[in-house]
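Observations on chain architecture
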Amino acid sequence: MDLNADLGEGFGHWTLGDDKALLSIVTSANIACGYHAGDADTMRETCTNAAAAGVAVGAHVGYQDLAGFGRRFLDVAPDTLTNEVLAQLGALSVFARVAGTRVSYVKPHGALYNALVRHEAQADAVVDAVRLFDPTLAVLGPPGAVWLKRASVAGLRVWHEAFADRAYTAAGTLVSRGEPGAVLRDPAEIAARCVQLATEGWVRSVSGRPVRIQADSICVHGDTPNAVGIARTVRAALESAGVAVGRVESPLHHTRQAV
């Protein structure tokens, strides 16, 4: 099972999360590309640290919304969105190359991540950007998302993601951050859910019903309280349960069965 985290989300004098500590735990880093967070210094430093830690670099692309941290939906024209994603991929790719590594996958951020579950025009726009930039890149997102289906049709590698610290509805979607209990806080509870997900392929929803979640990678958020402690607990629990923790290497498609 791959473990990923959103990193490089500082900007200027502002920092967010303990990236260096998380890079000693996770196996994939979703690095902000300057639109929702991040800047040239942060991108280069994060890529350098990820390369040194042997962690895969992913482009965490988002809406052009620094003030809103990319968590506000923007009705961007598809052609513009394609170009904005291309710009982000280009920026991060340069810093990855300078660090001696490369961008190996793409994960949308925040409101864009949520929009691409159902928004067909924006889904096609992001798929077009990835395909035009580098069709060997993998794409990471939630099972059932429109954009992953379009990506698979376009011949891109598809990886499915679950969230360690987010609650799920009975339909298998994330509970909105504005709802009570949407974000889990207890490291032991989070770790137990991750083990269940990795070994049995399901978690319990907020309604109490079990819901199957297809996952190749689990996201441990870097901006939640005690993020490093949670990530360490999750990795230790997975390894104690006999789950191998490592980067996703093989081409995966939307027909792959849950772990």
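Our subject is the structure listed above.
Figured I'd write up the structure that's included with this text. Only a predicted model underlies this, so the values are computations on that prediction, with no experimental measurement involved. (Residues numbered from 1 in each chain as written. Predicted model: local features only at pLDDT ≥ 70, side-chain atom pairs only at ≥ 80, totals over all residues. Heavy atoms only, no water.)

**Considering helix α6 (residues 146-153)**
Regarding α6, the residues found buried are Val146, Trp147, Leu148, Ala151 and Ser152. Looking at the packing, one finds that the buried side of α6 touches β4 (103-108), α5 (120-133), β5 (138-141) and β6 (157-163). Phi turns positive one or two residues past the end of α6, at glycine 155, with a value near 90°. (Buried < 20%, exposed > 50% of the residue type's maximum accessible area, 1.4 Å probe, protein only. Helix = DSSP H or I, 4+ residues; strand = E, 2+ residues; numbered from the N terminus. Contact = heavy atoms within 4.5 Å.)

**Digging into the side chain of serine 205**
Within the element layout of this structure, serine 205 appears in the loop between β7 (202-204) and β8 (210-212). Of the polar contacts made by the side chain of serine 205, one reaches the backbone oxygen of arginine 209; its length is 2.8 Å. Leave out the neighbours within four places in its chain, and serine 205 touches Tyr168, Thr169, Ala170 and Val211. (Polar contact = N/O pair within 3.5 Å; in protein donor to acceptor, adjacent residues only side chain to side chain.)

**Some words on the pattern of salt bridges**
Enumeration over the complete set of coordinates arrives at eight salt bridges. Among the ionic pairs, glutamate 239 bridges to arginine 235, the shortest N-O distance being 3.0 Å. Pair noted here: glutamate 239 and arginine 235 are both in helix α8 (residues 227-240), with a separation of four residues, about one helical turn. Judged by its relative accessible area of 22%, arginine 235 is partly exposed. (Salt bridge = Lys/Arg side-chain N within 4 Å of Asp/Glu carboxyl O.)

**Digging into the sheet that holds strand β1 (residues 2-7)**
Reading around the barrel, the seven strands line up as β1-β2-β3-β4-β5-β6-β9 and close back on themselves, with parallel pairing between neighbours. The average angle at which neighbouring strand axes cross in this sheet is 30°, direction not considered. In this sheet, strand β2 (residues 28-32) lies alongside β1 in parallel orientation, the contact comprising four bridges. Across the sheet, residue asparagine 4 finds its bridge partner in β2, namely serine 28. In the packing of helix α2 (residues 40-53) onto the sheet, contacts are made with β1, β2 and β3 (56-61), and the angle to β2 comes to roughly 175°. Helix α3 (residues 78-98) rests against β2, β3 and β4 of the sheet, and its axis sits at about 150° to β3. (Pairing = 2+ DSSP bridges. Axes fitted to C-alpha atoms, helices over the stretch in contact; angles between N-to-C directions.)

**Quick look at a nonpolar patch on the surface**
On the surface, a cluster of nonpolar side chains totalling about 350 Å² of accessible area is made up of Phe11, Trp14 and Leu66. Residue tryptophan 14 is classed as exposed on the basis of its relative accessible area of 64%. (Patch = residues over 30% accessible without salt bridge, like charges linked within 9 Å, V, L, I, M, F, W, Y side chains within 5 Å. Areas by Shrake-Rupley, 256 points an atom, 1.4 Å probe, with all protein chains shown as cover.)

**Concerning the pairing of β4**
Across the six residues of β4, six count as buried, placing the element largely inside the fold. One ladder, built from five bridges, connects β3 with β4; its direction is parallel. Bridging across to β4, alanine 59 finds its partner in valine 106. Crossover connection from β3 via α3 to parallel β4: handedness right-handed. With two bridges joining them, β4 and β5 adopt parallel strand pairing. Of the residues in β5, the one forming a bridge with valine 106 is valine 139. (Right-handed = clockwise from strand over helix to strand, strands pointing away.)

**Remarks on the packing of α2 against α3**
Each pair of packed helices can be described by the angle between their axes along with the distance between the axes. The interhelical angle for the contact between α2 and α3, taken along N-to-C directions, is 45°, at an axis separation of 8 Å. Considering the angle they form, α2 stands oblique to α3. Where α2 crosses over α3, the two elements pack in a sense that is right-handed. For the pair α2 and α3, the contacting residues are Ala40, Met43, Arg44 and Cys47 in the first and Ala91, Leu92, Phe95, Ala96 and Val98 in the second. Counted by class, the contact of α2 with α3 contains eight nonpolar, no polar and one charged residues. (Parallel < 35°, antiparallel > 145°, perpendicular 65-115°, else oblique. Left-handed = near helix turned anticlockwise from the far one by under 90°. Nonpolar A, V, L, I, M, F, W, Y, C, P; charged D, E, K, R; others polar.)

**Describing the packing of α5 against α6**
Close contact between α5 and α6 brings their axes to 9 Å; oriented N to C, the two are set at 45°. By the angle between their axes, α5 is oblique relative to α6. Seen from above, α5 lies across α6 with right-handed handedness. Residues Glu120, Ala123, Asp124, Val126 and Val127 of α5 touch α6, and the partners they reach there are Val146, Trp147, Arg150 and Ala151. A class-by-class count of the residues in the contact of α5 with α6 yields six nonpolar, no polar and three charged.

**Some remarks on the packing of aromatic side chains**
Two descriptors summarise a pair of aromatic rings, namely the distance from one centre to the other and the angle between the planes of the rings. In this structure the tally under the stated criterion is three aromatic pairs. Plain terms: the ring middles of tyrosine 105 and tryptophan 159 are 5.6 Å apart, the flat faces sit at 45° to each other, and that makes the pair tilted. Note that tyrosine 105 is positioned in strand β4 and tryptophan 159 in strand β6, a separation of 54 residues in sequence. Overall, tyrosine 105 belongs to the buried group, its relative accessible area being 1%. The exposure class assigned to tryptophan 159 is buried, which follows from its relative accessible area of 4%. Centroid distance tyrosine 113 to phenylalanine 163: 5.7 Å. Interplanar angle 80°. Geometry classified as edge-to-face. Here the residue tyrosine 113 occupies a position in helix α4 (residues 110-115), and phenylalanine 163 occupies one in strand β6, the gap between them amounting to 50 residues. (Phe/Tyr/Trp six-rings, centres within 6.5 Å; stacked < 30°, edge-to-face > 60°.)

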